[in-house]
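Remarks on the overall topology
Here is what each chain is made of, one letter per residue.
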Amino acid sequence: MTSLLVLTAALLYVGHQHAEERFSYIVQGASKPTLVNAVESVGGEVLHKYTVIQAISALMTDAQVNEVRNAHPMIRLFNDDKVQLSMANERGVAAAEAFANERNTYVSTLTGASQLHQNGITGKGVGVAIIDTGVRHMKSIKQDTTGHKRNLVLHNVLGGTDIKHDENGHGTHVASIIGNSSYSYDRNGNQMAFYNGVAPDADLLVVKAFYEDGSSTYTEILKALDYVISHKDEHNIKVLNLSFSANPQSFYWDDPINQAVTLAWSKGITVLASAGNKGSDAMSIGVPGNNPYVITIGASSDNGTPYFLGDDILSSFSSAGPTVEGFIKPELIAPGSKIQGLMSENSYIYRNFPEADAGGKYMALSGTSQSTAVTSGIVALLLQEDPTLSPDDVKCRLLSSAIAGANSETDEYTYSVFQQGAGFVNAERAVNSDTVGCANRGMNIEQTLTAQTKYQHYVGPARYNLQEGKFYLVGNKEYSWDGTYASGHLWPDDEIGADGHLWPDDEIGAAGHLWPDDEIGADGHLWPDDEIGADGHLWPDDEIGADGHLWPDDEIGANGHLWPDDEIGANGHLWPDDEIGATYYLWPNDTITAYGYLKLDGKFFTNGHLWPDDEIGADNIWSQQRIENAAITNTWFVE
């Protein structure tokens with residue numbers, strides 16, 4: 001069969017070009033009135049004021065953008081990039097025990113959700129929000145497992161159309177993976193005691209933010225996030241499925257979508273984000289999957305043999321970490337190759353990609369979009385069983401119960417931690433887990449939401465060894481990786497270790513730490529003592545002013561800048577271009593956009609390091625770091 005679809009969103013810069021050469025921007029600053037005034041004072045047009053983040057969207061010409069930048073240096077402008085549901089090629093067909101629409105889609109079987117269904121755990125009473133292309137009113141989506149009307153709400157944030165149903169097909173496919181209420185059938189046509197959707201009784205809020213061709217923008221996604229967060233109590237939203245991925249334009253904390261997603265997490269919504277479909281080479285995770293708080297999902301394939309583990313693989317399209325800030329991503333992998341889901345024959349995807357037809361009203365699609373939907377359904381099962389769980393609790397249960405891809409005889413992991421995270425998600429193990437306190441430890445989400453400088457944000461444990469050409473984790477280089485995809489089976493011997501953990505218990509401290517205390521310096525610093533001054537500082541005392549500042553007050557300009565204006569080049573750079581050689585850029589020129597933003601497209605500093613130990617000194621990006629924790633989500637607090 002010809003190529004199947006791989007659907008997850010990827011951001012490509014296209015821009016909204018108008019007759020007057022105006023372009024769309026997301027404008028951020030301290031207050032919306034200031035932002036509105038800044039845009040309107042130069043003749044720009046305000047399009048939308050967001051409620052959940054301090055930002056507006058606006059149309060401006062290049063000249064107007066320059067005026068705003070010059071008059072308001074603290075205002076940030078993001079390109080309102082185009083969002084498109086992307087596709088990748090994958091040969092073969094789904095293994096289907098299909099009798100028209102009576103079939104087994106296998107997602108419940110593969111993840112252990114089928115066992116929970118038989119115990120009455122079906123996601124009932126849990127609201128799942130899906131930001132996508134809309135949804136078609138198909139019977140197994142409109143109804144719950146009892147045949148009664150499901151709590152299904154549709155909302156449209158797109159301008160120029162009031163159509164709420166799904167013209168593309170992607171949203172319906174995702175919604176059916178989560179909530180398809182039809183029974184599964186075996187190959188002999190016998191009805192089984194579980195369902196084709198992972199959480200077949202979950203309530204659904206589907207927000208349409210993508211057009212028929214699968215395109216959208218930052219503006220539309222932010223409108224959708226606005227709606228979900230503002231109406232979470234009305235619709236009992238506990239889970240948010242984001243089956244799209246965008247190219248990072250900045251560090252995670254500056255990105256507008258990430259800011260809204262972080263707020264959603266802080267409001268009690270567990271957010272699931274696609275890793276992306278860029279291929280399983282290093283540093284290919286997109287937005288919002290690069291957000292350290294949320295749960296980022298990669299994809300696996302059963303190789304067409306859902307009842308045999310021995311040939312399961314990590315899908316080659318599934319994006320890998322670490323993030324540019326050093327976090328391990330994805331955290332989990334889930335079924336994402338040739339996943340059967342419902343779709344209308346009138347949909348854009350069905351009309352244009354008939355080769356993905358799986359019979360009946362089903363299409364077999366691939367991507368981290370699908371694996372994210374699978375995991376969102378599992379989260380709904382968890383929250384039905386225990387509604388008191390916080391997003392951090394849910395993340396902890398999922399990661400601590402995941403099954404690592406490994407050879408049980410050799411204890412060797414078949415894929416890097418940066419590709420599979422904690423391993424393959426398992427619904428039954430997660431629901432039966434009572435583990436708490438192991439996710440996002442050491443991170444203060446309120447501080448992240450209110451931080452004024454990068455020194456109040458967090459970095460992860462990943463580093464890159466130039467000599468060996470491998471990524472590794474600080475404190476434990478055993479989990480090193482050369483950053484490339486290598487084909488192999490998740491469980492080559494068709495067996496799973498007794499505990500199924502990625503890291504055996506004897507390598508995890510009593511508090512769930514990845515590295516025991518004796519592998520961390522006595523002072524708890526990120527870098528060993530021999531690279532730190534006698535007082536434990538990254539910079540010795542003679543470089544620190546009497547007030548404890550890194551640079552004494554007399555070296556800071558009256559405007560509070562680290563360097564007075566007369567030490568900054570006319571272009572606003574910290575160092576004028578003619579003072580920077582090819583080896584002195586923090587990021588090479590080709591990773592900086594025309595507007596001076598970082599693309600962060602997986603490239604390193606010039607010498608290939610992310611934060612190489614031998615370059616730590618007065619020019620370190622983050623100062624005075626100490627290890628707050630080293631759990632699976634291992635993060636460090638920046639003092």
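This one's a predicted model, so the numbers in the text were calculated from it and none came from an experiment.

Thoughts on the sheet that holds strand β5 (residues 76–79)
- Pairing within the open sheet is antiparallel, and its four strands lie in the order β3-β4-β2-β5. Bordering the open sheet on either side are β3 (45–49) and β5, each of which pairs with just one other strand. For this sheet, the mean inter-axis angle between neighbouring strands, taken without regard to orientation, is 30°.
- Of the strand pairs in this sheet, β3 and strand β4 (residues 55–60) are connected by four bridges, and their pairing is antiparallel. Of the residues in β4, the one forming a bridge with K49 is I56.

A closer look at the packing of helix α10 (residues 368–385) against helix α11 (residues 391–401)
- The contact between α10 and α11 brings their axes to 11 Å, and the two run at 110°. In terms of orientation, α10 and α11 fall into the roughly perpendicular class. As α10 packs across α11, the resulting crossing turns out to be right-handed. Here T375, I378, V379, L382 and L383 of α10 come into contact with α11, specifically with V394, R397 and L398.
- Of the residues assigned to the contact of α10 with α11, the class counts are six nonpolar, one polar and one charged.

Observations concerning the environment of T111
- Following the sequence through the fold, T111 ends up in helix α3 (residues 107–111).
- Among the residues examined, T111 registers a relative accessible area of 0% and is labelled buried.
- Once you skip the residues sitting within four places of it in the chain, T111 turns out to touch P335, V374, I378, V425, N426, A427 and E428.
- At 2.7 Å, the side chain of T111 forms a polar contact with the backbone oxygen of V107.

Thresholds, definitions, all that
- Residues numbered from 1 in each chain as written.
- Predicted model: local features only at pLDDT ≥ 70, side-chain atom pairs only at ≥ 80, totals over all residues.
- Heavy atoms only, no water.
- Pairing = 2+ DSSP bridges.
- Helix = DSSP H or I, 4+ residues; strand = E, 2+ residues; numbered from the N terminus.
- Axes fitted to C-alpha atoms, helices over the stretch in contact; angles between N-to-C directions.
- Parallel < 35°, antiparallel > 145°, perpendicular 65-115°, else oblique.
- Left-handed = near helix turned anticlockwise from the far one by under 90°.
- Contact = heavy atoms within 4.5 Å.
- Nonpolar A, V, L, I, M, F, W, Y, C, P; charged D, E, K, R; others polar.
- Buried < 20%, exposed > 50% of the residue type's maximum accessible area, 1.4 Å probe, protein only.
- Polar contact = N/O pair within 3.5 Å; in protein donor to acceptor, adjacent residues only side chain to side chain.

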